[in-house]
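Here is how the chains run, residue by residue.
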Amino acid sequence: MAAGSPRPTSRDVAQAAGVSQAAVSLVLGDKWRGRVSVRTAERVREAARELGYRPNLAARNLRLGSTRTVLLVVPALTTEFFAGVYTGAARVAADHGFGVLLYPSPEGIGPARDPFASAQAALDGVIASSMAADALTAIRGDQLPLVMLDSDPAGSTGAATVNLDIRDGVRQVAEHLLALGHRRFLHLAADIPSWTFDIRARELAARLADVPGTELRTAAAPISIDEARAAAETALSAPGPRPTALVCDDDKLAAGAYKAARRLGLRIPDDLSVTGLDDLALATALDPELTTVRLDAELFGERGMQALLAVLESRVPTPGDIPVTLVVRGSTARPGPL
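None of the values given here were measured: they were computed from a predicted structure. (Residues numbered from 1 in each chain as written. Predicted model: local features only at pLDDT ≥ 70, side-chain atom pairs only at ≥ 80, totals over all residues. Heavy atoms only, no water.)

Novice: Any chance you could explain the overall build of the protein here in plain terms?
Specialist: Counting its secondary structure elements, the protein contains 13 helices and 11 strands. For the protein, restricting intrachain contacts to residue pairs at least 6 apart in sequence, the fraction spanning at least 24 positions comes to 71%. Surface exposure of the protein reaches about 15,800 Å², of which carbon and sulfur atoms provide 51%. (Helix = DSSP H or I, 4+ residues; strand = E, 2+ residues; numbered from the N terminus. Contact = heavy atoms within 4.5 Å. Areas by Shrake-Rupley, 256 points an atom, 1.4 Å probe, with all protein chains shown as cover.)

In structure tokens:
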């Protein structure tokens, strides 16, 4: 659109596409399915793009009583994982005429101050990580249509839950290490009261309990490289036979474990195999590169937003956990001589 020319209207789009204004409203409001053809919808969207047409959202929202805005509540953005979740959620939201506001809980986890005078007055729905669930009370987000991420489906306060298949990820790690011959394990657990971390601990213990002769110790640390190093160093220095495999709840915890191993003169993977969970960029920056479980953060965000759209439209969200994949790299090997 040239500078100074009139802003294109829905009537202009209708004329360019050869359809009615009602058809334009249906297509651009994402309510066309079953009412206009796919070919017509594509023609309307192409005409809108060529004309540079943008709906008057303020007028539409006032008319519909909707802001077409959702809130994504996550822990403090200390890794790129939740940035990926936002990217996925925002991509799906944009395809449906919604915007996503990102609200990282300032303290990482736990309560957060209200960023709005009233969340209900400003938002149509909320997507929230279970790690930042306490923030919902402060912003009254639990009074809105709510989708919980990484949350116990049986005890969730949300209208829907979307989960990564963390159980299967831990199972893949355990089976990989057991197949290599490891029997003495140390679990470096995230010291965070969250369902997703409880699942990791329970699944690891259950998998190892099925194999005679295994031993499992646990050390807990906040998701911090320095605190993980301290916890791992203490646990690896404890009396008794040293663990040969260290299973970490998170890649940052694994980075701390690497530092602990070096301080103790242990070689990875010759003396100690280490695994993570997330597959952050950090995993390939470590030397040797980290064996870890890849979580698709963007798909996680996409599925969260799709579930919220389903809730808003009184539909049942797509069931099933999101698959995860073990990525085997240089940090795991057969245990060395006893």
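Once you've had a look at it, read on.
Novice: Looking at this structure, I do not really get the sheet that holds strand β6 (residues 184–190). What am I missing?
Specialist: Note on sheets: strands pair through backbone hydrogen bonds, and any given pair is parallel or antiparallel. Strand order in the open sheet formed by 4 strands is β7-β6-β8-β9, with parallel pairing between adjacent strands. Unpaired on one side and paired on the other, β7 (215–221) and β9 (273–275) mark the two borders of the sheet. The average undirected angle you get between the axes of adjacent strands in this sheet is 20°. One ladder, built from 7 bridges, connects β6 with β7; its direction is parallel. Residue pairing across strands places L188 opposite A219, the latter belonging to β7. (Pairing = 2+ DSSP bridges. Axes fitted to C-alpha atoms, helices over the stretch in contact; angles between N-to-C directions.)

Novice: Where do I start with the packing of helix α5 (residues 81–95) against helix α13 (residues 297–312) in this structure?
Specialist: Running from amino to carboxyl end, α5 crosses α13 at an angle of 45°, the nearest separation of the two axes being 6 Å. One element, α5, and the other, α13, form an angle in the oblique class. Crossing hand, α5 versus α13: right-handed. The segment α5 lies against α13, with F81, G84, V85, T87, G88, A89, R91, V92 and A93 engaging A297, E298, F300, G301, E302, M305, Q306 and L309. Partitioned by chemical class, the residues of the contact of α5 with α13 number 9 nonpolar, 5 polar and 3 charged. (Parallel < 35°, antiparallel > 145°, perpendicular 65-115°, else oblique. Left-handed = near helix turned anticlockwise from the far one by under 90°. Nonpolar A, V, L, I, M, F, W, Y, C, P; charged D, E, K, R; others polar.)

Novice: Where do I start with helix α3 (residues 38–51) in this structure?
Specialist: An α-helical turn contains 3.6 residues, so a residue and the one three or four places further along point in the same direction. Between its terminal C-alpha atoms α3 stretches 20 Å, which fits the 20 Å expected from 14 residues at 1.5 Å a residue. On its buried face, α3 sits against α1 (10–17) and α2 (21–28). (Expected span 1.5 Å × (residues − 1).)

Novice: What is the right way to look at the nonpolar core in this model?
Specialist: Nonpolar side chains in soluble globular proteins generally cluster together in the buried interior. Ranked by internal contacts, the top residues of the largest apolar core, which has 44 residues, are F81, V85, L164, L295, F300 and M305. Ranked by residues supplied to this core, first place goes to helix α8 (residues 166–180) with 7 residues. Two domains each donate at least three residues to this core, and these are domain 2 (66–162 + 298–319) and domain 3 (166–294). For L164, the contacting residues outside a window of four places in its chain are F81, D150, L295, D296, F300, D321, I322 and V324. (Core = buried A, V, L, I, M, F, W, Y, C linked by side-chain atoms within 4.5 Å. Buried < 20%, exposed > 50% of the residue type's maximum accessible area, 1.4 Å probe, protein only. Domains from an automatic or database assignment.)

Novice: What is the right way to look at the pattern of salt bridges in this model?
Specialist: Side chains that carry opposite charge are capable of pairing whenever their charged atoms lie near each other. Throughout the structure, instances matching the rule amount to 13 salt bridges. Note that R91 and E302 form a salt bridge whose closest N and O atoms lie 2.4 Å from each other. Taken together, the positions of R91 in helix α5 and E302 in helix α13 put the pair 211 residues apart, joining distant regions of the chain. When its relative accessible area of 35% is taken as the criterion, R91 is described as partly exposed. In this structure, the salt-bridge partner of E215 is R217, at a minimum N-O distance of 3.3 Å. Ionic contacts of the salt-bridge type, sharing partners, join the residues D279, E289, R294 and R329 into one network. (Salt bridge = Lys/Arg side-chain N within 4 Å of Asp/Glu carboxyl O.)

Without other data, these values stay purely geometric and don't point to any function.
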